[in-house]
Amino acid sequence: MAVVVGSCCFSVLTSTVKFRRFATSQRSIGSITPKAINNRSRASSPKRGSSSSSSSAKSNREKEAVPQKIPGRSNDERPYSYADGNSGRGDIKRCQSTSFKSYGTQKKDKKEFLFDMKEQQVEPGNLQDGAFLNAVVKVYCTHTAPDYSLPWQKQRQFTSTGSAFMIGDGKLLTNAHCVEYHTQVKVKRRGDDTKYVAKVLARGVDCDIALLSVESKEFWEGAESLNLGHLPCLQDAVTVVGYPLGGDTISVTKGVVSRIEVTSYAHGSSDLLGIQIDAAINPGNSGGPAFNDQGECIGVAFQVYRSEEAENIGYVIPTTVVSHFLEDYERNGKYTGFPCLGVLLQKLENPALRACLRVQSNEGVLVRRVEPTSDANNVLKEGDVIVSFDDVRVGCEGTVPFRSNERIAFRYLISQKFAGDVAELGIIRAGKFMKVQAVLNPRVHLVPYHIDGDQPSYLIIAGLVDYRVETTGKGTLFIGKVQRGTDCDLITGLSK
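Residues numbered from 1 in each chain as written. Predicted model: local features only at pLDDT ≥ 70, side-chain atom pairs only at ≥ 80, totals over all residues. Heavy atoms only, no water.

### Side note on the overall build of the protein chain
In step 1: Along the protein chain, the regular secondary structure elements total seven helices and 26 strands.
In step 2: Across the 496 residues in the protein chain, those meeting the buried criterion constitute 40%.
In step 3: Considering only intrachain contacts with a sequence separation of at least 6, the fraction spanning at least 24 residues in the protein chain is 58%.
In step 4: Of the accessible surface of the protein chain, which amounts to about 28300 Å², a share of 49% is contributed by carbon and sulfur atoms. (Helix = DSSP H or I, 4+ residues; strand = E, 2+ residues; numbered from the N terminus. Buried < 20%, exposed > 50% of the residue type's maximum accessible area, 1.4 Å probe, protein only. Contact = heavy atoms within 4.5 Å. Areas by Shrake-Rupley, 256 points an atom, 1.4 Å probe, with all protein chains shown as cover.)

Structural data, given as structure tokens:
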């Protein structure tokens with residue numbers, strides 16, 4: 001079973017150490033160059049009668065001084081990757097590549113520089129003209145996470161950087177993991193040296209999106225917000241903009257759309273629609289926008305897939321999820337979350353299983369378990385077969401039609417709903433077809449994955465440390481955790 005490891009991409013401020021090593025390498029290389037020049041100058045003043053031999057030796061040494069071209073690598077290539085986490089190795093590679101280009105190729109540098117300047121003269125309306133890049137800002141966040149082992153104190157503060165972009169009405173969008181357990185959030189525009197304090201209005205843990213606001217009017221002077229585009233198609237060009245590791249200024253990487261499907265979101269342990277791209281996404285790109293060729297924002301960069309058997313797999317939150325988050329915030333004044341059906345489903349690809357359940361057609365998914373805290377517990381039972389959702393037929397693999405000639409996981413239809421919406425389910429129960437109404441609400445975890453940025457609540461009584469897990473209509477469930485040095489056993493109880 002493949003395990004997807006989502007890497008939350010925000011960069012800890014450690015670039016100073018990396019650049020210090022890089023500068024040291026450059027100084028060591030620069031100290032060798034004068035020595036070679038001095039040897040060449042001493043060789044250029046031979047004794048009389050040996051001019052021919054000295055000139056031939058001089059030409060041989062000059063040929064040896066010119067570096068040979070590495071097969072399969074261009075002169076402009078600068079390998080500098082942090083994707084595998086080997087920052088030291090990436091620094092050495094970049095030092096070697098940079099010194100290789102500057103040593104022995106002084107004459108070519110001027111021509112290459114002129115050629116690069118000519119390429120930068122783009123036509124108006126192109127992405128490189130800066131109109132879209134100016135809407136991307138850098139996020140500076142100070143985090144203070146709770147200490148679950150010592151609940152009376154917090155962990156040591158640490159800082160991180162990420163990316164965000166303007167969406168209008170004095171608001172910014174970024175990733176939720178960029179501002180998790182935040183104590184202070186500041187943002188800085190491109191080309192500005194002033195950091196402005198930002199306020200976190202809402203955090204969507206399940207969709208990994210956070211909404212920020214900046215009250216300073218000076219920050220919004222001359223600012224242009226980005227327009228949210230439509231869901232792209234496969235092989236569409238995509239450009240990721242942000243402030244990743246490797247520098248302080250803005251960074252742009254390009255690629256194509258590789259896949260669009262329901263993806264596992266690592267931060268919130270949820271399954272929502274995601275866009276897979278092959279453009280480089282590094283720590284610090286989190287919260288940055290992804291553009292199409294028309295300059296429209298098609299999503300938010302948020303995670304990558306780390307594996308020795310795969311490479312260039314990054315993920316973008318599509319605009320459909322972003323729009324759902326914003327509309328939810330506008331409806332309720334806060335973020336309530338994506339709803340769920342609250343059932344455990346099983347595919348019905350086995351014809352014998354379908355015959356046992358009296359399912360005539362090659363469709364439907366089996367309800368294996370119904371969560372007792374969900375609203376579907378009142379209308380669904382174990383053994384039911386869901387064959388339609390709002391009159392959309394569900395296949396035996398648990399997929400539904402998506403655009404043209406595509407299919408997507410059945411959970412996609414549920415994620416399009418809002419909390420409190422009613423869905424009409426077509427089910428087969430004991431061989432009979434019927435339709436039921438189910439209310440969709442966000443899932444209630446007895447042991448939540450996140451506490452939404454709040455500090456955990458504890459109740460300390462003698463040798464017991466009780467902490468609240470979940471409050472339901474029947475009461476508040478407490479789980480007792482025994483401190484060391486006591487003779488008490490682990491207890492659980494229901495407090496009414």
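### Quick word on the pairing of strand S11 (residues 270-277)
In step 1: Of all eight residues in S11, seven are buried, a share of seventy percent or more.
In step 2: With eight bridges joining them, strand S10 (residues 251-265) and S11 adopt antiparallel strand pairing. Looking across to S11, one finds that Thr263 is bridged to Leu272.
In step 3: Two successive antiparallel strands, S10 and S11, enclose a turn made up of four residues, where Ser269 displays a positive phi of approximately 50 degrees.
In step 4: One ladder, built from three bridges, connects S11 with strand S14 (residues 314-318); its direction is antiparallel. Looking across to S14, one finds that Ile275 is bridged to Val316. (Pairing = 2+ DSSP bridges.)

### Topic: the pattern of salt bridges
In step 1: Under the defined criterion, the tally for this structure stands at eleven salt bridges.
In step 2: Put simply, Arg331 and Glu327 hold a salt bridge, and the shortest N to O gap is 3.2 Å. With Arg331 and Glu327 both in helix H5 (residues 319-332), this residue pair falls four residues apart, about one helical turn.
In step 3: We classify Arg331 as partly exposed; its relative accessible area is 48%.
In step 4: Among the salt bridges present, the one from Asp391 reaches Lys435, with a minimum N-O distance of 3.2 Å. In this pair, Asp391 sits in the loop between strand S17 (385-389) and strand S18 (392-393) while Lys435 sits in strand S22 (residues 432-439), placing the two residues 44 residues apart along the sequence.
In step 5: Taking relative accessible area as the criterion, Asp391 reaches 54% and is therefore assigned exposed.
In step 6: Look at Lys435 and you get partly exposed, because its relative accessible area is 45%.
In step 7: Where salt bridges share partners, they join Asp391, Glu424 and Lys435 into one cluster. (Salt bridge = Lys/Arg side-chain N within 4 Å of Asp/Glu carboxyl O.)

### Side note on the packing of aromatic side chains
In step 1: In this structure the tally under the stated criterion is seven aromatic pairs.
In step 2: Ring geometry for Tyr265 versus Phe302: centroids 4.7 Å apart, planes at 35 degrees, classification tilted. In this pair, Tyr265 is assigned in strand S10 and Phe302 in strand S13 (residues 297-305), connecting sequence segments 37 residues apart. With respect to class, Tyr265 is no different from Phe302; both count as buried.
In step 3: Taking 5.0 Å as the distance between ring centres and 40 degrees as the angle between the ring planes, the aromatic pair formed by Phe325 and Tyr335 counts as tilted. One end of the pair, Phe325, is in helix H5; the other, Tyr335, is in the loop between H5 and strand S15 (343-347), with ten residues separating them in the sequence.
In step 4: The class of Phe325 is buried, set by a relative accessible area of 0%.
In step 5: Aromatic rings pair up to connect Tyr196, Phe219 and Trp220 into one cluster. (Phe/Tyr/Trp six-rings, centres within 6.5 Å; stacked < 30°, edge-to-face > 60°.)

### Remarks on the confidence of the model for the protein chain
In step 1: On average, residues of the protein chain score 75 in pLDDT, and 65% of them reach the 70 mark or higher.
In step 2: Below a pLDDT of 50 lies the segment residues 1-125, which in the model reaches 105 contacts outside its immediate sequence neighbourhood of four places, other chains included.
In step 3: Taken together, the stretch residues 469-496 has pLDDT below 50 and engages in 57 contacts with residues farther than four places along the chain or on a different chain. (pLDDT = per-residue confidence, 0-100.)

### Focus: unusual backbone geometry
In step 1: The backbone of Asp169 shows a phi angle near 60 degrees, a positive value even though the residue is not glycine.
In step 2: Within the element layout of this structure, Asp169 appears in the loop between strand S4 (158-168) and strand S5 (171-174).
In step 3: Of note, Arg358 is a non-glycine position whose phi angle comes to about 65 degrees, a positive value.

### Examining the environment of Thr320
In step 1: Here Thr320 is to be found in helix H5.
In step 2: Spatially, the C-alpha atom of Thr320 lies 9.3 Å from that of Gly229, the residues being 91 residues apart in sequence.

### Describing the environment of Ile277
In step 1: Inspection of the secondary structure puts Ile277 in strand S11.
In step 2: Taking C-alpha positions, Ile277 is 9.6 Å from Thr239, a pair spaced 38 residues apart along the chain.
In step 3: If near-sequence neighbours (up to four positions away) are discounted, Ile277 is found in contact with Val238, Val240, Val256, Val257, Ser258, Asn312, Ile313, Gly314 and Val316.

### Regarding H5
In step 1: Taking 1.5 Å as the rise per residue, H5 with 14 residues should run 20 Å; its terminal C-alpha atoms sit 20 Å apart, in good agreement.
In step 2: Taken together, the buried positions of H5 are occupied by Thr319, Val321, Val322, His324, Phe325, Leu326, Asp328 and Tyr329.
In step 3: One or two residues past the end of H5 sits Gly333, with phi positive at roughly 75 degrees. (Expected span 1.5 Å × (residues − 1).)

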